[in-house]
Amino acid sequence: MPPELSETPTIPDHAAEADARAGRGADDGAAAPAPAKGRPRSEAVSHAILEAALDLIAEHENTTDVSVEAIAERSGVSKASIYRRWSSKEEILAAAMESIKAPLPESMPRTSFRDDLIHLGHSMTRTFGPRDMKVVKCMMLAVKDNPEYQRHHKRLIEYRRKFVRDTFAYWVERGEARPDLDLHLAVAMFISPLLTIYVYGQYADVQQPDTVERLVDNLLAGIGTALAE
C-alpha cells in the first residue's frame, strides 16, 4: 500500500491526569493497579478505544454506522471512560484518523531549505495496511458530509500546516526563499502533490525512491531566490 501523508498531530490523552487526581484507573472508577513498566494504563485504554473505532469504520466502510456504544463494546471500555477523553463520536473519529498517521518530526536539520523540506516530506509518509486505507477513504467522505467531524479534522490538520508554514517562514527570513512568498499557498504546493501521489495513488509513474527529493527540487526552482532576482 502507498505511504500516506500525515497532516495531523498526536492528541494528548487528557484523561490520564484526571484519573491520577481522582485516584482511579481509566475505567469505571476501579482502583488503579500498581504502576507497571511500559505504556501507562490510561494511554493503553485510549489506544484500545481508537483501535476499536478504526476497526468499526473499516468493517462498516462508513462512519455513519459507527456509534459510541459500538466503540465501547468493541474496546471493552465504558462510555463514561470514552467521554472523559472525547466529547463526541466525531471527535473520537478525528482522533482515530490522526492516530494512524506519522507524527511530526521531533527536530529539523536546519542545514538548508532543501534539507528541511526533504526531511519533512519523508517524515510525513507512512505505509498503510488494508484496514487503514479503508479508513482513509471513509474519512475523506466524512470531511465532506459531516460538519462536526470537519471541524475537529480542520483543528488537527491546522497544527501540522502551521508546522510546515513555520518551516517556510524560517527560510524566508534567512533569504533562501523569495521574500514575497505566499506561505499558505506554498504549504499547499508542498503537501498536495504528496497527498495526490502517496494517499490517492495517482501518478504511479512518478513514484520512485527519490520522489520526495525531485518534488522538493522542482518546488524550489519556482520559489527559491534564484528566480526572484
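Residues numbered from 1 in each chain as written. Predicted model: local features only at pLDDT ≥ 70, side-chain atom pairs only at ≥ 80, totals over all residues. Heavy atoms only, no water.

To continue, consider the side chain of Asp 132. Along the chain, Asp 132 falls in helix H7 (residues 130-145). Judged by relative accessible area, which is 13%, Asp 132 ranks as buried. At a separation of 2.8 Å, a polar atom in the side chain of Asp 132 contacts the side chain of Arg 131. (Helix = DSSP H or I, 4+ residues; strand = E, 2+ residues; numbered from the N terminus. Buried < 20%, exposed > 50% of the residue type's maximum accessible area, 1.4 Å probe, protein only. Polar contact = N/O pair within 3.5 Å; in protein donor to acceptor, adjacent residues only side chain to side chain.)

Once that is clear, we can look at the packing of aromatic side chains. This structure, assessed with the given rule, holds four aromatic pairs. Note on Phe 168 and Phe 190: the rings are 6.2 Å apart at their centroids and 70° apart in plane angle, and the pair reads as edge-to-face. Of this pair, Phe 168 sits in helix H8 (residues 147-173) while Phe 190 sits in helix H9 (residues 183-199); the two residues are 22 residues apart in sequence, bridging distant segments of the chain. A relative accessible area of 0% places Phe 168 in the buried class. Pairing Tyr 170 with Trp 171 gives two aromatic rings, centres 4.9 Å apart and planes at 80°, and the pair type is edge-to-face. The exposure class assigned to Tyr 170 is partly exposed, which follows from its relative accessible area of 23%. For Trp 171, a relative accessible area of 4% corresponds to the buried category. (Phe/Tyr/Trp six-rings, centres within 6.5 Å; stacked < 30°, edge-to-face > 60°.)

The next point concerns the pattern of salt bridges. Applying the stated rule across the entire model yields 14 salt bridges. Close ionic contact of Glu 61 with Lys 134 constitutes a salt bridge, the shortest N to O distance being 3.7 Å. A residue pair is termed long-range when its members are at least 10 positions apart, and Glu 61 in the loop between helix H2 (41-60) and helix H3 (68-75) and Lys 134 in helix H7 qualify at 73 residues. With relative accessibility at 38%, the residue Lys 134 sits in the partly exposed group. Between Lys 79 and Glu 69 there is a salt bridge whose closest N-O contact spans 2.8 Å. Highlighted residues: Lys 79 in helix H4 (residues 79-85) and Glu 69 in helix H3, separated in sequence by 10 residues. Accessibility expressed as a relative area gives 35% for Lys 79, which makes it partly exposed. (Salt bridge = Lys/Arg side-chain N within 4 Å of Asp/Glu carboxyl O.)

Right, let's get into the nonpolar core. What tends to happen in soluble globular proteins is that the nonpolar side chains get buried as a cluster. Ile 71, Leu 117, Phe 168 and Phe 190 are the most contacted members of the largest nonpolar core, which totals 57 residues. Those elements giving two or more residues to this core turn out to be H2, H3, helix H5 (89-99), helix H6 (113-123), H7, H8, H9 and helix H10 (211-223). (Core = buried A, V, L, I, M, F, W, Y, C linked by side-chain atoms within 4.5 Å.)

When pLDDT is averaged along the chain, the result is 83; 79% of the residues meet or exceed 70. Across the chain, the secondary-structure element scoring lowest on mean pLDDT is helix H1 (residues 15-22), at 42, and the one scoring highest is H3, at 98. (pLDDT = per-residue confidence, 0-100.)

In this section: H3. Side chains three or four residues apart in an α-helix point the same way, a direct result of the helix having 3.6 residues per turn. Among the residues of H3, those classed as buried are Val 68, Ile 71, Ala 72 and Ser 75. End-on, the buried residues of H3 take up no more than an arc of 100°, which puts them together on one face. Its buried side turned inward, H3 meets H2, H4 and H5. A positive phi of about 75° marks Gly 76, the residue just after H3. (Arc of directions from axis to C-beta. Contact = heavy atoms within 4.5 Å.)

Time to look at the packing of H5 against H8. Packing of H5 against H8 brings their axes to within 8 Å, and their N-to-C directions diverge by 40°. The angle between H5 and H8 falls in the class oblique. Note on packing geometry: the crossing formed by H5 with H8 is right-handed. Packed against H5, whose contacting residues are Glu 90, Glu 91, Leu 93, Ala 94, Met 97 and Glu 98, the element H8 presents Glu 148, Tyr 149, His 152, His 153, Arg 155 and Leu 156 at the interface. By residue class, the composition of the contact of H5 with H8 is five nonpolar, two polar and five charged. (Axes fitted to C-alpha atoms, helices over the stretch in contact; angles between N-to-C directions. Parallel < 35°, antiparallel > 145°, perpendicular 65-115°, else oblique. Left-handed = near helix turned anticlockwise from the far one by under 90°. Nonpolar A, V, L, I, M, F, W, Y, C, P; charged D, E, K, R; others polar.)

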